[in-house]
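Report on the structure
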Amino acid sequence: MSEPVKFEKNTVVVVFGASGDLAKKKTFPALFGLFREGYLHESTKIIGYARSSLTVEELTERIKPHLKTPRGKEDEAKIPQFFKLLTYVSGPYDQDDGFIRLREQIETFEGAKCSTVPHRLFYFALPPSVFLPVATNIKRLVYAENGVTRLIVEKPFGRDLETARKLQADLSPLFKEEEIYRIDHYLGKELVKNLLVMRFGNQFLNSAWNRDNIQSIQISFKEPFGTEGRGGYFDNIGIIRDVMQNHLLQVLTLLTMERPVSFDPEAIRDEKVKVLKAMAPFDPKDILIGQYGKSEDGSKPAYLDDETVKPGSKCVTFAAIAFQIENERWEGVPIVMRAGKALNEGKVEIRLQYKAVASGVFKNIPHNELVIRIQPNEAVYMKFNAKTPGLSNATQVTDLDLTYSSRYKDFWIPEAYEALIRDALLGDHSNFVRDDELDVSWSLFTPLLNYLEGPDAPQPEIYPYGSRGPSGLRDYLKKHNYMIEEKHPYTWPVTTPDED
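Residues numbered from 1 in each chain as written. Predicted model: local features only at pLDDT ≥ 70, side-chain atom pairs only at ≥ 80, totals over all residues. Heavy atoms only, no water.

1. Some thoughts on the overall build of the protein
Counted only if it meets this: Starting at the N terminus, helices and strands are each numbered in turn, a helix being any DSSP run of H or I of at least four residues and a strand any DSSP run of E of at least two. It is over C-alpha atoms that the radius of gyration is taken, and the globule rule equals 2.2 Å times the number of residues to the power 0.38. Remark: exposure states derive from per-residue accessible area (1.4 Å probe, protein chains only) relative to the maximum for the residue type, with buried under 20%, exposed over 50%, and partly exposed in between.
Helices and strands together make up the secondary structure of the protein, namely 17 helices and 15 strands. Against the compact-globule benchmark of 23 Å for 500 residues, the protein has a radius of gyration of 24 Å, which places it among compact chains. Its C-alpha atoms put the protein at 80 × 55 × 45 Å along the principal axes. Going through the 500 residues of the protein one by one, you find that 54% of them count as buried.

Shown next as structure tokens:
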């Protein structure tokens, strides 16, 4: 394990919504992961805040089953040490009394560290409906006037352009942009964070990362389960808001942006905004949408079988959308983003397919592909052509493989929330969403969402639970220049998923 680069001593971390699922399953386990690995100083004070009337012991019991101990007893011994950092305040989000008690706890802690500049991190594991009252009370009652205040705000950042702008208008009078960290956990995933180094730190990739060499790009997100009783929530969100406008778009910007002038957070975010502004508006006639039905064997329910879903709902549970980037690097290269629930497997990956080699002796040889598998079992591999061993001159598809689980066995690879909370503690905005980036992304998606949710919304194609998606997917991919190598099958040697 590498040595921690820097400690932030005597920091106060307040987790709002501490009694909720997000806090107990993600936020507190991420804080423990940092503590376990030596990246959260033992002088840190962690305060949970929620409306629920809980004791610290009850909160501890809720959190404990979700803490990970990869080294067994060595890590288990750190759990009691971690919980010594934790306390809890119960109070409303829209009244003063709870925040006054919170302030008393913070100031008592900081008063004992009188030489320390206050450093306060507030994590919003909250629904957007209470963002504003909590933010207002933080500013009025617990803001570090002579120190550092930072807010981590969870998505959704609005549900369209209008609501996103309203949220920004509400927060901007209270906090400076540099104090707000809009968290999208995909930006904390190891292979997403690796995209800039992979692209710009390897000349053999960087020199071919353009329209002259790449024929098509896919970014795909596949879940093997449906809404599982949460259809009432999902019905108001849909797959585009759930993962495409945020998670997958973040991946797309890092994949296609120009090289930043430095690793300065603003330099990186400047380039992300530039490429977003170069994206052409979506053509509503050039999308593929679906909704899952019953599985072919009848064992899995259709989306509309969920009692919490509105009867006759046209909610989109699968979408494939073609992006066109109108700049010198990407003009004419179709980029297909696709995401769906209740599919045949769980996987998130990027697939860059290169143009065919010159015709002639290799006229029918398969296309090269660079595949970046974000999850599960992170890997980067290049599908390339080689001569079949022996006396034959026939070729076969094989791979150059970097699978993280085998190559980096002895490395601690932080989970997404661990990496991002650490970035926020150090004031690094590189992997967080900036206000203008949010505005441009909603400007791109809102017209499409209005079309899909309007009075004349199209009917999504029904696809079987557990399938690859709508029956038109293969034709849609071919239409956007993705060549499916039917005569040259390839099987990934480790996880052996069927190739798309």
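After that view of the structure, there is still more to cover.
2. With respect to the environment of Lys-193
In this fold, Lys-193 is placed in helix H8 (residues 190-193). Remark: the alpha-carbon pair of Lys-193 and Asn-431, spanning 238 residues in sequence, is separated by 8.0 Å.

3. Overview of the nonpolar core
What counts here: Think of a nonpolar core as a cluster: buried Ala, Val, Leu, Ile, Met, Phe, Trp, Tyr and Cys residues, connected wherever their side-chain atoms sit within 4.5 Å. An automatic or database domain assignment supplies the residue ranges for each domain. Should any heavy atoms of two residues lie within 4.5 Å, those residues are counted as being in contact.
Within the largest apolar cluster, 150 residues are counted, with the highest numbers of intra-cluster contacts made by Phe-16, Phe-28, Leu-102, Phe-124, Ile-240, Met-244 and Phe-323. Residue contributions to this core reach at least three from each of two domains, namely domain 1 (9-153) and domain 2 (185-412 + 433-478). The residues contacting Met-244, other than those within four sequence positions of it, are Ile-239, Leu-249, Ala-319, Ile-321, Met-337, Arg-338, Ala-339 and Phe-445.

4. Remarks on the packing of helix H13 (residues 265-277) against helix H16 (residues 435-453)
Filter applied, for reference: Helix axes are fitted to C-alpha atoms over the stretch in contact, other axes to C-alpha atoms as well, and angles between N-to-C directions run from 0 to 180 degrees. Throughout, the term roughly parallel applies to angles under 35 degrees, roughly antiparallel to angles over 145, roughly perpendicular to angles from 65 to 115, and oblique to all others. By definition, any crossing whose near helix is turned counterclockwise from its far helix by less than a right angle is left-handed, and any crossing with a clockwise turn is right-handed.
In the contact formed by H13 and H16, the axes pass within 10 Å of each other and the chain directions differ by 15°. Taken as axis vectors, H13 and H16 run roughly parallel relative to one another. In this structure, H13 meets H16 at a crossing whose hand is left-handed. In contact with Lys-272, Val-273, Leu-276 and Lys-277 of H13, H16 contributes Asp-436, Glu-437 and Val-440.

5. Here's the deal with helix H12 (residues 238-256)
Our working rule: To estimate how far a helix should reach, multiply one less than its number of residues by 1.5 Å. Two axes enter the bend calculation: one fitted to the seven residues ending at the residue in question, the other to the seven starting there, and the bend is the angle between them.
With 19 residues, H12 should cover 27 Å at 1.5 Å per step; its first-to-last C-alpha distance of 25 Å lies within 8% of that length. Of all bends in H12, the biggest is about 45°, found at Met-244. Summarising burial for H12: 19 of the 19 residues are buried, a large majority.

6. Some thoughts on the side chain of Gln-215
Let me state the cut-off plainly: Counted as a polar contact is a pair of N or O atoms within 3.5 Å, where, for protein atoms, one must be capable of donating a hydrogen and the other of accepting one, and residues adjacent in sequence contribute only when both atoms are in side chains.
Structurally, Gln-215 is set in strand E7 (residues 214-222). Classification of Gln-215 by relative accessible area gives buried; the value is 15%. Engagement of the side chain of Gln-215 in a polar contact is seen with the backbone oxygen of Asn-481, the distance being 2.8 Å. Apart from residues no more than four positions distant in its own chain, Gln-215 is found in contact with Val-333, Pro-334, Gln-353, Tyr-354, Lys-355, Ala-356, His-367, Asn-481 and Met-483.

7. Brief notes about the sheet that holds strand E13 (residues 379-387)
Cut-off, in case you're wondering: Strand pairing follows a simple DSSP-based rule, namely that at least 2 bridges must link the two strands.
Taken in spatial order, the 9 strands of this open sheet run E14-E13-E12-E11-E7-E10-E9-E8-E15, and their pairing is mixed. Two strands bound the open sheet, and with one partner strand each, they are strand E14 (395-403) and strand E15 (461-464). Each neighbouring strand pair of the sheet contributes to a mean axis angle of 20°, computed without reference to strand direction. H12 contacts E7, strand E9 (318-323), strand E10 (335-340), strand E11 (347-354) and strand E12 (369-375) of the sheet and is inclined by roughly 145° relative to E10.

8. Structural notes on the pattern of salt bridges
A side chain with one charge may pair with a side chain of the opposite charge, provided their charged atoms come close. Our working rule: We define a salt bridge as a side-chain nitrogen of Lys or Arg found within 4 Å of a carboxyl oxygen belonging to Asp or Glu.
All chains considered together, the criterion is met by 33 salt bridges. Taking the shortest distance from any N to any O, the salt bridge between Arg-120 and Glu-110 comes out at 2.7 Å. Of this pair, Arg-120 sits in strand E4 (residues 119-124) while Glu-110 is found in helix H5 (residues 96-111), placing the two residues 10 residues apart along the sequence. Under the relative-accessibility criterion, Glu-110 is labelled buried at 13%. Across the salt bridge formed by Glu-345 and Lys-347, the nearest N and O atoms sit 3.4 Å from each other. Across the pair, Lys-347 and Glu-345 agree in class, each one buried. Within the structure, one salt-bridge network assembled from shared partners comprises Lys-222, Glu-345, Lys-347, Glu-349, Arg-351, Glu-369 and Lys-383.

9. Structural notes on the packing of aromatic side chains
The following threshold applies: Two aromatic rings, drawn from Phe, Tyr or Trp (for Trp, its six-membered ring), form a pair once their centres lie within 6.5 Å of each other, and the interplanar angle then sorts them: stacked below 30 degrees, edge-to-face above 60, tilted otherwise.
Scanning the model with the defined rule gives 21 aromatic pairs in all. Measuring from centroid to centroid gives 5.9 Å for Phe-318 and Tyr-463, while their planes differ by 65°, and the two rings are edge-to-face. Pair noted here: Phe-318 is in strand E9 and Tyr-463 is in strand E15, with a separation of 145 residues, a long-range link. Through successive ring pairs, a cluster of aromatic residues spans Phe-16, Tyr-49, Tyr-93, Phe-99, Phe-122, Phe-124 and Phe-131.

10. A look at the domain arrangement of the protein
By domain assignment, the protein separates into domain 1 (9-153) and domain 2 (185-412 + 433-478). Distance between the C-alpha centres of domain 1 and domain 2: 35 Å.

11. With respect to the pairing of strand E8 (residues 287-293)
Of all the 7 residues making up E8, 7 are buried; the element is thus mostly covered by neighbouring parts of the structure. Of the two faces of E8, the one holding Ile-287, Ile-289, Gln-291 and Gly-293 and the one holding Leu-288, Gly-290 and Tyr-292 are both buried throughout. Where E8 lies against E15, 4 bridges are found, and the strand directions are parallel. Residue pairing in the sheet places Tyr-292 in a bridge with Tyr-463 of E15.

12. A few points about the sheet that holds strand E6 (residues 180-183)
Strands belonging to one sheet form pairs held by backbone hydrogen bonds; the direction of such a pair is parallel or antiparallel. Here we have 6 strands laid out as an open sheet, ordered E3-E2-E1-E4-E5-E6, and parallel in their pairing. Every other strand in the sheet has two partners, leaving strand E3 (86-90) and E6 as the edge strands with one partner each. Sheet twist, expressed as the mean angle between neighbouring strand axes with direction ignored, is 20°. In this sheet, E3 lies alongside strand E2 (residues 45-50) in parallel orientation, the contact comprising 5 bridges. Its bridge partner lying in E3, Ile-47 is registered against Thr-87.

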